[in-house]
2 protein chains.
Amino acid sequence: MVKRTSFEGDACPIARSLEAIGDWWSLLIIRDALFGVRRFGEFQSKLGMAKNILSARLRSMVDHGILETAPASDGTAYHEYVLTPKGRGLFPILVALRQWSEEFDDHPEQITTILVDRAKGRPVKKLELRAEDGRLLSQPDTMVKLRPASRRRSA
Amino acid sequence: MVKRTSFEGDACPIARSLEAIGDWWSLLIIRDALFGVRRFGEFQSKLGMAKNILSARLRSMVDHGILETAPASDGTAYHEYVLTPKGRGLFPILVALRQWSEEFDDHPEQITTILVDRAKGRPVKKLELRAEDGRLLSQPDTMVKLRPASRRRSA
DNA sequence: TCCAGTGGTTGCATAATGAAACTATGTTGC
DNA sequence: GCAACATAGTTTCATTATGCAACCACTGGA
């Protein structure tokens, strides 16, 4: 192996995101964190994962600015892990993963939950990609373009 | 290790999707496949990954119904890997990953490409999650509900 | 002060990853 | 038709990552 490939310097934004969250556990930790889980032991028991792995993942996500540590909200001297805005920004990715399973899973009957609009209790719509002018876009309607050299910051 | 944890029987659709594509390489392979890459060697040279790993990933994604093999379109006796509808359905996940990097990456200047609307050449809008009635939803506006026991199929 | 609970770390076994070498076909130039 | 090269893998081996279990430090409560 020599070393597991890193995508850190890669120009592709997808590779760059996988660098931070592209492992088996990170997105599940985020999922639970969005659900309100904050404490080490709570993550550990809900996810059923080894404590050393959890420890490593939490540290990595803190390093990436996805989580941050804060004093425990229950007054004890312990601390907890809370999502940063960057971490909360992962929500659409989780929704996209969920909707993909809902649409294409070979055993959809094993999926026991649905994501609903809290106000109405009704299922949410599929994520939509739209053009600036509001047209609904699917993959063939899009392309990846080289970004025009961004304006150099002064000096 | 005993065995890397599998999410196969998990009820959570996010865990289930990670079972299929939650590793370092799969989504990058899909990204290139959406771009039109079809041949083993083309994946290998574009991604710069080891051939044995690529081989294992392609096999796994074929098993998961994300890719399928087809006779080569150039008339040779080789075959190629093409996305199934299930595979093309991963597009929103890739868009979500891209947009997350674009919004939160610590070094956004290293991202050299943008996703544009092919017709206009203009950047696409952010993915939007909406309620049935069209209201824009963010994470706190949603909740996960137990699915009502789905109608048992006859007999 | 003792004891349980919380939040880790350490050590060890095994699985996954990666580079390089090797193999088996397919293709091409002659 | 055959040598040489390209394609698409597989195999081997070294190294890293993961997982379990045991251990440890600190906290909080009785």
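The rules behind these values
Residues numbered from 1 in each chain as written. Chains lettered and ligands numbered in written order. Predicted model: local features only at pLDDT ≥ 70, side-chain atom pairs only at ≥ 80, totals over all residues. Heavy atoms only, no water. Helix = DSSP H or I, 4+ residues; strand = E, 2+ residues; numbered from the N terminus. Rg over C-alpha atoms; globule rule 2.2 N^0.38 Å. Buried < 20%, exposed > 50% of the residue type's maximum accessible area, 1.4 Å probe, protein only. UniProt positions renumbered as here; feature names shortened; annotations may be inferred. Domains from an automatic or database assignment. Contact = heavy atoms within 4.5 Å. Buried area = accessible area lost by both parts, 1.4 Å probe. Salt bridge = Lys/Arg side-chain N within 4 Å of Asp/Glu carboxyl O. Polar contact = N/O pair within 3.5 Å; in protein donor to acceptor, adjacent residues only side chain to side chain. Nonpolar A, V, L, I, M, F, W, Y, C, P; charged D, E, K, R; others polar. Pairing = 2+ DSSP bridges. Least-squares fit on C-alpha atoms with pLDDT ≥ 70 in both.

Going by the annotation in an unreviewed UniProt entry, the name recorded for chain A is HxlR family transcriptional regulator, with Bradyrhizobium manausense given as the source organism.

Before going further, it helps to spend a moment on the overall build of chain A. Regarding its fold elements, chain A presents 6 helices and 4 strands. Taken over C-alpha atoms, the radius of gyration comes to 19 Å for chain A, far larger than the 15 Å a tight globule of 155 residues would show. Its C-alpha atoms give chain A principal-axis dimensions of roughly 50 × 50 × 35 Å. Taking all 155 residues of chain A together, the buried fraction comes to 44%.

Residues given the UniProt feature "domain: HTH hxlR-type" (unreviewed entry) here are residues 12-109 of chain A. Secondary structure content for residues 12-109 of chain A is 58% helix and 10% strand, while the C-alpha to C-alpha distance between its ends is 36 Å.

Moving on, we come to the domain arrangement of chain A. Residues and elements named next belong to chain A. In terms of domain boundaries, chain A breaks down into domain 1 (13-88) and domain 2 (91-141). Summarising the inter-unit geometry, the C-alpha centres of domain 1 and domain 2 are found 24 Å apart. Listed per partner, the contact involves 7 residues of domain 1 and 4 residues of domain 2. Roughly 370 Å² is buried in total at the junction of domain 1 and domain 2, and carbon and sulfur atoms are behind 83% of that figure. Taken together, the connections running from domain 1 to domain 2 amount to 0 salt bridges. Along the contact surface separating domain 1 from domain 2 lie 1 residue pair in polar contact (both at pLDDT 80 or more).

Bringing the side chain of Gln99(B) into the picture now. Of note, Gln99(B) is situated in helix H6 (residues 91-104). Exposure remark for Gln99(B): the relative accessible area of 6% places this residue in the buried category. A distance of 2.9 Å separates a polar side-chain atom of Gln99(B) from the backbone nitrogen of Leu127(B). Excluding residues within four positions of it along the chain, Gln99(B) makes contact with Leu129(A), Val124(B), Lys125(B), Lys126(B) and Leu127(B).

This part takes up the interface of chain B and chain A. Counting from both sides, the interface comprises 85 residues of chain B and, opposite them, 85 residues of chain A. When chain B packs against chain A, the two sides together hide about 8200 Å² of surface, and 63% of this comes from carbon and sulfur. The interface formed by chain B and chain A includes 10 salt bridges. As a salt-bridge pair, Asp117(A) and Arg135(B) come within 3.0 Å of each other at their nearest N and O atoms. The interface formed by chain B and chain A includes 41 residue pairs in polar contact (both at pLDDT 80 or more). Classifying every residue of the side of chain B that touches chain A by side-chain character gives 44 nonpolar, 15 polar and 26 charged. Sheet analysis places strand E4 (residues 142-146) of chain A next to strand E3 (residues 113-117) of chain B, joined by 5 bridges and oriented antiparallel. Across the sheet, residue Val144(A) finds its bridge partner in E3(B), namely Leu115(B).

This part is about helix H2 (residues 26-34) of chain A. Residue and element names in this part refer to chain A. Counting buried residues along H2, 9 of its 9 residues qualify, which places the element largely inside the surrounding structure. Within H2, burial applies to Ser26, Leu27, Leu28, Ile29, Ile30, Arg31, Asp32, Ala33 and Leu34. Where H2 terminates, the next one or two residues include Gly36, which has phi positive at roughly 110°.

For Thr142(A), the location among the structural elements is in strand E4. For Thr142(A), a relative accessible area of 4% puts it in the buried group. Polar side-chain contacts of Thr142(A) include one of 2.7 Å to the backbone oxygen of Gln139(A). Those residues in contact with Thr142(A) that lie beyond four places of it in its chain are Leu129(A), Leu137(A), Phe91(B), Leu115(B), Val116(B), Arg118(B) and Val124(B).

With an RMSD of 0.0 Å, the fit of chain B onto chain A corresponds to turning through 180° and sliding 0.0 Å along the axis. Overall, the copies show the geometry of a two-fold rotation axis. Both copies share a contact surface, since 100% of the interface residues of chain B are interface residues in chain A too.

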